[in-house]
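The lines below spell out each chain.
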Amino acid sequence: MQVEDSLSFQPIMFKRLFSKQIRGDVVKALCPQCEGEINIPEDAVVGEIVTCPDCGSPYEIESVGSEVVIKPAEVEGEDWGE
Amino acid sequence: MVSLGIIYDFIRPEEKMLINEARNQGVELKLIDAKNIYFNISNSLKNLEDIYLQRCVSYFRSIHITYLLESFKGTVINSFNTALICGNKLFTTISLLKHGIPVPRTAISFSKSSAVKALDEIGYPSILKPVIGSWGRLIAPLNDPESSLAILESREYLHPIYHLYYIQERVKRPPRDIRSLVVDGQFICAIYRYQPPLDWRTNTARGGRAEPCPGNDELVDISVRAAEAVNGEIVGVDCMESRDGLVVHEVNNTVEFKNMVRVTGVNIPSEIISYLKRRVRK
């Protein structure tokens, strides 16, 4: 199984928009829709969904580490579920 | 040390709990985001993990990745066959019936006009469900011939998967259903899922309220047998309390359990990870 290195341009674009901000121990990201502050959990995992508390827009965590990158989450698919 | 691959496309609270539990139990963990991988199927897959836990929220991603891994001798829980059956309400209903498990009266038809005839036999009120889909999406009550025709007609403008008309009697039940969890043929725990205000569907994804449900003999028996019917190793069984006893309407192969953990206090991630380790050693 191979991991794709070349992701689409979109995450890079959002990387500029979503540089993390640290206030105390809390990592936050800015929502591009409304500029609300989105809390990034301390134990964030790639693929985790976070939601803007102000406008409700959902975002997926793209990478964690020295910089947290988030991107708009996929819209719920017709085949989604449990 | 057991190596475990968790295949996911989104991290829900369930996946976070499973990740933490796997680390606590000393499992060698590999997280596989289904959106970031590709397989060159011309080559043989190498360096497979001892076992994989399939947790994709997308049914199509799930069954295709599972099929591929199994084709290269990988062990995936749940299996391709289980996922294929559980992800399709018709296949599930047939599997349950073949194993003598009570289900609501059900008909399937393949055109609007034959759906109307099926409704004459099943009767009103009935429920129209997509054969593939979850979280109560596009499930519609069919209360009378006039409104039913309008609903059936609207489906003709959707994707062809919605032109399979799976029609089920609307079971007279309390304002709740039951979700039970079965791991390795053992009943683990169960919850009641109460329908939220202004909705008749009980899915907690739609705001349904969860409360603990004691596991009586009937519930334990029907849950375990439903899991067996689909060869499910880790499954959620949904059933309703009809006047004639419990009837099963769904078996979930990538079961969501955060509300079960919350209201029952059962450490479900521990049950699952412990089972996966046992399964490798079998």
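You'll find the structure just up there.
Treat the numbers as computed from the prediction; the structure is a model and nothing was measured.

Caption draft 1: Just the interface of chain A and chain B, in detail. Facing the 22 residues of chain A at the interface are 39 residues of chain B. Between chain A and chain B the total buried area reaches about 2600 Å² when both faces are included, carbon and sulfur atoms providing 50% of it. Where chain A packs against chain B, one counts five salt bridges. A salt bridge links Glu-48 of chain A to Lys-16 of chain B, with the nearest nitrogen and oxygen atoms 3.0 Å apart. Counting across the interface, chain A meets chain B through 16 residue pairs in polar contact (both at pLDDT 80 or more). Of the residues in the side of chain A that touches chain B, the class split is nine nonpolar, four polar and nine charged.

Caption draft 2: Geometry of empty space enclosed by the protein. All told, the structure shown has four cavities of 30 Å³ or more when counted by the stated rule. Roughly 190 Å³ of internal volume is contained in the largest cavity. If you trace the largest cavity, you find 22 residues lining it, with Glu-82 of chain A together with Tyr-59, Gly-87, Ser-134 and Asn-253 of chain B closest to the centre. Among the secondary structure elements, those contributing two or more residues to the lining of the largest cavity are α2 (59-71) and β14 (245-252) of chain B. The biggest single contributor to the lining of the largest cavity is β14 of chain B, with three residues. Across the lining of the largest cavity, the residue classes tally to eight nonpolar, ten polar and four charged. The calculated volume of the second largest cavity comes to roughly 40 Å³. Taken together, Leu-53, Gln-54, Arg-55, Ile-77, Asn-78, Ile-234, Asn-253, Thr-254, Val-255 and Ile-272 of chain B form the lining of the second largest cavity.

Caption draft 3: Fine view of the nonpolar core. All names here are of chain B. Counting 28 residues, the largest nonpolar core has Leu-4, Leu-53, Ile-234, Ile-272 and Leu-276 as the members making the most contacts within it. Looking at this core, the elements with two or more residues in it are β1 (3-8), α1 (13-24), β4 (51-54), β10 (176-183), β11 (186-194), α8 (258-264) and α9 (268-281). Filtering out sequence-adjacent residues up to four positions away, Leu-4 remains in contact with Ala-22, Val-27, Glu-28, Leu-29, Lys-30, Glu-49, Ile-51, Tyr-52, Leu-53, Ile-273 and Leu-276. Formed by 23 residues, the second largest nonpolar core is a distinct cluster that contains Tyr-192, Leu-219, Ile-222 and Val-237.

Caption draft 4: Examining the pattern of salt bridges more closely. Tallied over the full model, the rule gives 23 salt bridges over all chains. The partner of Arg-176 of chain B in a salt bridge is Glu-241 of chain B, with the nearest N and O atoms 2.8 Å apart. With Arg-176 of chain B in strand β10 and Glu-241 of chain B in strand β13 (residues 234-242), this residue pair connects regions lying 65 residues apart in the sequence. Among the ionic contacts, a cluster of salt bridges with common partners joins Glu-82 of chain A together with Asp-177, Arg-179, Arg-193 and Asp-238 of chain B.

Caption draft 5: Layout of the pairing of strand β9 (residues 165-169) of chain B. Residues and elements named next belong to chain B. Burial analysis of β9 places four of its five residues in the buried class, the great majority of the element. Both strand β7 (residues 126-129) and β9 contribute to a ladder of four bridges, which runs antiparallel. The residue of β9 that forms the bridge with Ile-127 is Gln-168.

Parameters and conventions
Residues numbered from 1 in each chain as written. Chains lettered and ligands numbered in written order. Predicted model: local features only at pLDDT ≥ 70, side-chain atom pairs only at ≥ 80, totals over all residues. Heavy atoms only, no water. Contact = heavy atoms within 4.5 Å. Buried area = accessible area lost by both parts, 1.4 Å probe. Salt bridge = Lys/Arg side-chain N within 4 Å of Asp/Glu carboxyl O. Polar contact = N/O pair within 3.5 Å; in protein donor to acceptor, adjacent residues only side chain to side chain. Nonpolar A, V, L, I, M, F, W, Y, C, P; charged D, E, K, R; others polar. 1 Å grid on protein atoms, 1.4 Å probe; cavity = no way out; pocket = protein on both sides within 12 Å on 5 of 7 lines; lining within 4 Å. Points joined across faces, edges and corners; volume = space filled by probe spheres on them. Helix = DSSP H or I, 4+ residues; strand = E, 2+ residues; numbered from the N terminus. Core = buried A, V, L, I, M, F, W, Y, C linked by side-chain atoms within 4.5 Å. Buried < 20%, exposed > 50% of the residue type's maximum accessible area, 1.4 Å probe, protein only. Pairing = 2+ DSSP bridges.

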